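Understanding the architecture of this molecule
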Amino acid sequence: GKSHDSSKSFSLDDFLKWGIAKHAELVSDISSTASGESQLEKALVKMEAAWESLAFVPKEWRTSYILVGIDEIQQELDDQIVRTQAMRGSRFVKPFLKRTSTWEYTLVELQDIIDNWLKVQASWLYLEPIFRSDDIMK
């Protein structure tokens, strides 16, 4: 190995003088790995940022509120779960494995919460008129 003063710049000619050509395959592998890791990290950052513009918007319904218009949120959830699962299969995920696994867990948990919320809401919307009827209120 060669040491290099990081405060000084260097050129391709310097690399060639240092014999980098003898290690072309290693340099190519390192470069490829670094590029793959960078792309994976950028994708994670982009996925996390996507949630900043999404919001749950409740709609007033009689005496309370219901959750509506969540198609975009569900689509984003589905897409990101598939992407994080694909990332976990990548050879470049090692430095980000914990972060990727945590993100996937968060997305799956959110999807389960929304699914359960919508099931309960559907049951409530079906049963609410029954419980509000005059016969039941007596």
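What you are looking at is a predicted structure, and each value in this text was computed from that prediction instead of being measured. (Residues numbered from 1 in each chain as written. Predicted model: local features only at pLDDT ≥ 70, side-chain atom pairs only at ≥ 80, totals over all residues. Heavy atoms only, no water.)

A few words now on helix H3 (residues 71–88). In a regular helix each residue adds 1.5 Å, so 18 residues correspond to 26 Å; H3 covers 26 Å between its end C-alpha atoms and thus fits that length. Its buried side turned inward, H3 meets helix H2 (24–50) and helix H4 (97–132). (Helix = DSSP H or I, 4+ residues; strand = E, 2+ residues; numbered from the N terminus. Expected span 1.5 Å × (residues − 1). Contact = heavy atoms within 4.5 Å.)

Right, let's talk about a negative patch on the surface for a bit. A grouping of Asp78, Asp79, Glu109, Asp112 and Asp115 is seen on the molecular surface, where their side chains present a negatively charged patch. Of all elements in the fold, only H3 and H4 reach the threshold of two or more residues within the negative patch. A per-element tally of the negative patch places H4 first, with 3 residues. Mapped onto the elements of the fold, Asp112 is located in helix H4. Asp112 sits in the partly exposed class, given a relative accessible area of 36%. (Patch = residues over 30% accessible without salt bridge, like charges linked within 9 Å, V, L, I, M, F, W, Y side chains within 5 Å. Areas by Shrake-Rupley, 256 points an atom, 1.4 Å probe, with all protein chains shown as cover. Salt bridge = Lys/Arg side-chain N within 4 Å of Asp/Glu carboxyl O. Lys, Arg positive; Asp, Glu negative; His and termini not counted. Charge placed at Lys NZ, Arg CZ, Asp CG, Glu CD. Buried < 20%, exposed > 50% of the residue type's maximum accessible area, 1.4 Å probe, protein only.)

Below, the discussion takes up the packing of H2 against H3. At their nearest, the axes of H2 and H3 sit 11 Å apart, and the two run at 160° to each other. Relative to H3, the element H2 lies roughly antiparallel. In the packing of H2 onto H3, the handedness of the crossing is left-handed. Contacts from Leu40, Ala43, Leu44, Met47 and Ala50 of H2 reach H3 at Glu76, Gln80, Arg83, Thr84 and Met87. Among the residues forming the contact of H2 with H3, the class breakdown is 6 nonpolar, 2 polar and 2 charged. (Axes fitted to C-alpha atoms, helices over the stretch in contact; angles between N-to-C directions. Parallel < 35°, antiparallel > 145°, perpendicular 65-115°, else oblique. Left-handed = near helix turned anticlockwise from the far one by under 90°. Nonpolar A, V, L, I, M, F, W, Y, C, P; charged D, E, K, R; others polar.)

A contiguous nonpolar surface patch, about 480 Å² in accessible area, is contributed by Phe10, Leu12, Phe15, Leu16 and Trp18. Secondary-structure assignment places Leu16 in helix H1 (residues 12–17).

This next bit is on the packing of H3 against H4. Relative to each other, H3 and H4 sit at 150°, their axes nearing to 9 Å. As the angle between them shows, H3 and H4 are arranged roughly antiparallel. Judged by the sense of rotation from one axis to the other, the crossing of H3 with H4 is left-handed. Across the interface between the two elements, Ile73, Gln74, Leu77, Asp78, Gln80, Ile81, Thr84, Gln85, Met87 and Arg88 of H3 pack against Thr100, Ser101, Trp103, Glu104, Leu107, Val108, Leu110, Gln111, Ile114, Asp115 and Leu118 of H4.

Moving on, we get to the packing of aromatic side chains. Within this structure, the stated rule accounts for 3 aromatic pairs. Ring geometry for Phe10 and Phe15: centres 5.0 Å apart, planes at 85°, overall edge-to-face. When the ring of Phe15 is compared with that of Trp18, the centres are 5.7 Å apart and the planes differ by 85°; the resulting orientation is edge-to-face. Aromatic rings pair up to connect Phe10, Phe15 and Trp18 into one cluster. (Phe/Tyr/Trp six-rings, centres within 6.5 Å; stacked < 30°, edge-to-face > 60°.)

That is the geometry; function is a separate question.
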